[in-house]
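Residues per chain, in single letters:
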Amino acid sequence: MIETDIIIIGTGPVGLFTVFEAGLLKLKCHLIDSLPQPGGQCSEIYPKKPIYDIPGFPTILAGELIDNLMEQAAPFKPGFTLGEAAVSIEKQADNTFIVMGVKGTKHKAPIVMIAGGLGVFEPRKPPIENIHDYEDKGVEYIIKEPNFYKDKTCVIAGGGDSALDWSIFLAEQKIAKKVILVHRNSSFRGHLDSVQKVIDLAQSGVIELITEAEVVGLSGKDGLESVIIHHQKDGEIVKNTDHFIPLFGLKPSLGPIADWGLEIEKGAIKVDTLDYSTNIPGIYAIGDVNTYQNKLKLILCGFHEGTLAVQSAFSRIYPDKKNILKYTTVNGIQGF
Ligand SMILES: Cc1cc2nc3c(=O)[nH]c(=O)nc-3n(C[C@H](O)[C@H](O)[C@H](O)COP(=O)(O)OP(=O)(O)OC[C@H]3O[C@@H](n4cnc5c(N)ncnc54)[C@H](O)[C@@H]3O)c2cc1C
């Protein structure tokens, strides 16, 4: 049994910064995430994209922000259960909670902060019968490290920003040997700038663009070797490729958290904006996972929510202790 002061479900930017704010109050945290690495959406969806609205950083790559938050949290020695979704919660007679992971890891604390973001997110997969056989053998649903595609042929599918931006990036930066973008329609959903850029790159032969077409089959012996494309006018086209990357977006779902007796509105947890507490005393919800009037799903708003939530958590754990706000400039960082 892992025992701590605060169990944080979710290691996105909000969960990580909350470790720091809790640490300033001498509260220890243990974080649980279903993903194998910390960072939430920043690490999983857009590690190489620059963010422009983190106070004090005119620009910072999402992956770098997570590295910095890990470094900032380190003096407070947070514990991590990674690669294991939190599936159940049980209130104990002594007012503590036991949070159980899907692999059976038990965590006990008087406070639970849910920083579960969009929940457990799954990529939307195209309905290709044998696609599972090629996952991690040429089929990827998220581009984490562009250099993985160095000198490779990549078939990207999709019509949104992700498909457009990655096609442009891999082709323009001359990372991939060849980029083939396949899209079902003749028009795109992405930003007009990106659409124009893809069209320009296709006209100059840097990208091969196949519209009104869908990838319908995959083949290869030990890994992916080719894709079969069905074109609305030309019929079947076969393209040899090293990778097939369908970028159709992610399907967010609150997952098991939805069954924990919390008040839910439109797929998010309702909170009191006084301290971001939920309808269950001792359980807080911070970051993208919560909802209230005028909620903004932004990292900086989540940082604020986590900061206020730990102040409230401190009063719950130590009802008789007075907590006086101390500036870090005055008090420094007294790690554990
Ligand atoms: C492409 C893109 C660009 C963006 N750009 C910006 C931007 O410029 N500025 C900005 O402020 N915001 C931006 N955002 C939004 C920002 O990423 C989110 O607001 C932020 O990630 C929310 O952080 P979080 O910690 O609340 O949740 P998340 O980052 O979503 O992390 C939640 C974590 O909880 C985990 N989890 C969920 N349920 C469970 C469970 N039951 N058990 C265990 N783990 C669980 C998930 O696996 C995940 O790792 C962008 C988002 C996207 C997709």
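This is a predicted model, so every value here is computed, not measured.

Chemist: Would you explain the overall build of the protein in this entry?
Modeler: Of regular secondary structure, the protein possesses seven helices and 23 strands. When the backbone C-alpha atoms are referred to their principal axes, the protein occupies close to 75 × 40 × 35 Å. Buried residues in the protein amount to 49% of all 336 residues. Restricting to contacts in the protein with at least 6 residues of sequence separation, those with at least 24 account for 62%. A total of about 16,900 Å² of accessible surface is found on the protein, and carbon and sulfur atoms cover 51% of it. Distance from the positive charge centre (33 side chains) to the negative charge centre (41 side chains) of the protein: 3 Å.

Chemist: How should I be thinking about helix H4 (residues 161–172) in this particular structure?
Modeler: Think of an α-helix as turning once every 3.6 residues; residues three or four places apart then point the same way. Look at H4: 16 Å from first C-alpha to last across 12 residues, which is about the 16 Å you get at 1.5 Å a residue. Looking only at H4, the buried set comprises Ala163, Leu164, Trp166, Ser167, Ile168, Leu170 and Ala171. Summarising the contacts, the buried residues of H4 are in contact with strand S12 (153–157), strand S13 (178–183), helix H5 (192–203) and strand S14 (207–211).

Chemist: What exactly am I supposed to notice about the pairing of strand S8 (residues 97–101) here?
Modeler: Consecutive residues of a regular strand have side chains that alternate between opposite faces of the sheet. The buried fraction of S8 amounts to four of the five residues, a majority that puts the element mostly inside the structure. Looking at chain direction, strand S7 (residues 86–91) and S8 are connected through five bridges and run antiparallel. Bridge pairing links isoleucine 89 to valine 99 in S8. Between the end of S7 and the start of S8, which pair antiparallel, lie five residues, with asparagine 95 showing a positive phi angle near 70 degrees.

Chemist: Looking at this model, I keep getting lost on the site of the ligand. Mind explaining?
Modeler: Around the ligand, a shell composed of 29 residues is seen, among which Asp33, Gln41, Tyr46, Asp53 and Ala86 lie nearest. With respect to the ligand, the backbone of isoleucine 299 contributes an N or O atom lying 2.9 Å from an oxygen atom. Bound to the protein, the ligand loses 87% of the 1,000 Å² it would expose on its own. A total of three residues in the shell around the ligand trace back to one element, the largest contributor, which is helix H1 (residues 13–24). For the shell around the ligand, the class distribution of residues is 15 nonpolar, 10 polar and four charged.

Chemist: For this particular structure, what's the right way to read the nonpolar core?
Modeler: Within soluble globular proteins, side chains that are nonpolar generally end up buried alongside one another. One finds Ile6, Ile9, Val112, Met113 and Ile114 to be the most contacted residues of the largest nonpolar core, which totals 55 residues. Valine 112 has contacts with Ile7, Ile9, Ile89, Phe97, Val99, Gly282, Ile283 and Tyr284, leaving out every residue within four places of it along the chain. In this structure, Leu164, Ile175, Val198 and Leu201 belong to the second largest nonpolar core, which totals 21 residues.

About the criteria used
Residues numbered from 1 in each chain as written. Predicted model: local features only at pLDDT ≥ 70, side-chain atom pairs only at ≥ 80, totals over all residues. Heavy atoms only, no water. Helix = DSSP H or I, 4+ residues; strand = E, 2+ residues; numbered from the N terminus. Buried < 20%, exposed > 50% of the residue type's maximum accessible area, 1.4 Å probe, protein only. Contact = heavy atoms within 4.5 Å. Areas by Shrake-Rupley, 256 points an atom, 1.4 Å probe, with all protein chains shown as cover. Lys, Arg positive; Asp, Glu negative; His and termini not counted. Charge placed at Lys NZ, Arg CZ, Asp CG, Glu CD. Expected span 1.5 Å × (residues − 1). Pairing = 2+ DSSP bridges. Near = heavy atom within 4 Å. Polar contact = N/O pair within 3.5 Å; in protein donor to acceptor, adjacent residues only side chain to side chain. Nonpolar A, V, L, I, M, F, W, Y, C, P; charged D, E, K, R; others polar. Core = buried A, V, L, I, M, F, W, Y, C linked by side-chain atoms within 4.5 Å.

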